[in-house]
Amino acid sequence: MTKFYIDVDDTLADFQSYAIERGIPPWTGTWYTNCPTTWTDEQQDIQARTNALMESEDFWANIPLMPGAFEILTAAAMRGETYLLTAYPRTCPDKEMVKRVKIEWAVRNLHFPADRVIVCDRPDKTKYATTREAYMATTDVLGGRSLVDSVSPNVLVDDAAKNCEEWAEAGGVAILYHARTPTALADTLAAIKGIERG
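Sequence order sets the numbering: in each chain, residues are counted from 1 along the sequence as written. For this predicted model, a pLDDT threshold of at least 70 governs which residues receive local features, and a threshold of 80 or more governs which side-chain atom pairs are given and counted, while totals over whole chains, interfaces and linings are taken from all residues. Hydrogens and waters are ignored; side-chain quantities use all the structure's heavy atoms.

Enquirer: I'm lost on the environment of Val155 in this one. Help?
Expert: Every helix listed is a DSSP run of H or I at least four residues long, and every strand listed is a run of E at least two residues long, numbered separately from the N terminus. Looking at the secondary structure, you find Val155 in strand S6 (residues 155-158). By relative accessible area, which is 2% here, Val155 ends up buried. Along the sequence, Val155 and Thr2 sit 153 residues apart, while their C-alpha atoms lie 7.6 Å from each other. When neighbours within four sequence positions are excluded, Val155 is seen to be in contact with Thr2, Lys3, Phe4, Tyr5, Trp167, Val173, Ile175 and Ile195. Burial classification: accessible surface area is computed with a 1.4 Å probe over protein chains only, and a residue below 20% of its type maximum counts as buried, one above 50% as exposed, and the rest as partly exposed. The contact criterion used is simple: two residues touch if any of their non-hydrogen atoms lie within 4.5 Å.

Enquirer: Looking at this model, I keep getting lost on helix H2 (residues 41-54). Mind explaining?
Expert: One turn of the α-helix equals 3.6 residues, which is why residues spaced by three or four share an orientation. Working rule for helices: expected span equals 1.5 Å times residues minus one. Taking 1.5 Å per residue, 14 residues should reach 20 Å; H2 reaches 20 Å between its end C-alpha atoms and fits that length. For H2, the set of buried residues is Gln43, Ile46, Gln47, Thr50, Asn51, Leu53 and Met54. Down the axis, H2 shows its buried residues gathered within 160° of arc, on one side only. By definition, the arc is the one covered by directions from the helix axis to the C-beta atoms.

Enquirer: Looking at this structure, I do not really get the nonpolar core. What am I missing?
Expert: One recurring pattern in soluble globular proteins: nonpolar side chains tend to sit buried together. Put simply, buried Ala, Val, Leu, Ile, Met, Phe, Trp, Tyr and Cys residues joined by side-chain atoms within 4.5 Å make one nonpolar core. Ranked by size, the top nonpolar core spans 44 residues in total, and within it Ile6, Phe59, Trp60 and Leu84 carry the most contacts. For this core, the leading source of residues is helix H5 (residues 95-110), giving seven residues. Other than its neighbours up to four places away in sequence, Ile6 contacts Thr11, Leu12, Ile72, Leu73, Ala76, Thr82, Tyr83, Leu84, Leu85 and Val157. Within the second largest apolar cluster, eight residues are counted, among which are Tyr5, Leu85, Ala129 and Leu156.

Enquirer: Explanation requested: empty space enclosed by the protein in the structure shown.
Expert: Left-over empty space is what a probe sized like a water molecule reveals as it rolls over the atoms. Cavities and pockets were defined on a 1 Å grid built over protein atoms only: a cavity is a set of grid points that admits a 1.4 Å probe from which the probe cannot escape, a pocket is an open set flanked by protein on both sides within 12 Å along at least five of seven lines, and lining residues are those with an atom within 4 Å of any such point. Grid points are joined across faces, edges and corners, and a volume is the space filled by probe spheres set on the points. For the structure shown, the criterion picks out two cavities of 30 Å³ or more. Roughly 50 Å³ of internal volume is contained in the largest cavity. Around the largest cavity sit Val8, Asp9, Ala13, Trp60, Ile63, Thr86, Lys102 and Trp105, which together line it. Polar here means any residue outside two lists: the nonpolar Ala, Val, Leu, Ile, Met, Phe, Trp, Tyr, Cys and Pro, and the charged Asp, Glu, Lys and Arg; Gly therefore counts as polar. Broken down by class, the residue content of the lining of the largest cavity amounts to five nonpolar, one polar and two charged. Estimates place the volume of the second largest cavity at around 30 Å³. What lines the second largest cavity is Val8, Leu84, Thr86, Lys102, Trp105, Ala106 and Val117. Secondary-structure elements contributing two or more residues to the lining of the second largest cavity are strand S2 (81-87) and H5. Among the elements that line the lining of the second largest cavity, the one with the most residues is H5, at three residues. A breakdown of the residues in the lining of the second largest cavity according to their chemical character gives five nonpolar, one polar and one charged.

And the structure:
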């Protein structure tokens, strides 16, 4: 069965708009997924202010839904098994709090099962790019059976190009969600619907 892994922040949850509403200067792109030594002074300031904001449980608990969040989840669920795959902030002094609140947010806002919400460090997302399964199969005309190892690509929907590139390099199928463009939702839904049902 095809497995879909849907990013949360700025894919299903409107992280950026809520951060801006809470006083963080506006930014463009997903530069924050790159090495901090490449950041401009402005980007370092935005990250420092965002880090302080992300230490608040109240911030995570109240992020609003992105427009189209339910449409993305529904389209993926109609094509395969669906999980949420969200990362901890780069600097996260209280991972347990962030994990708990992100899962509670998904259950409350998306009515999503808690056991299908995965919270991990950003580089670890690629661990879910493929599914390896072993099963017994008939392997010759005489009915001989042997263990067959199968690797299936999983699908990621994410707003960060770096995450999508790394996912594809790890053997998965990545759909880049251009969150703040006029055709983002339509393009993403078309890409999801183009995935063969598994």
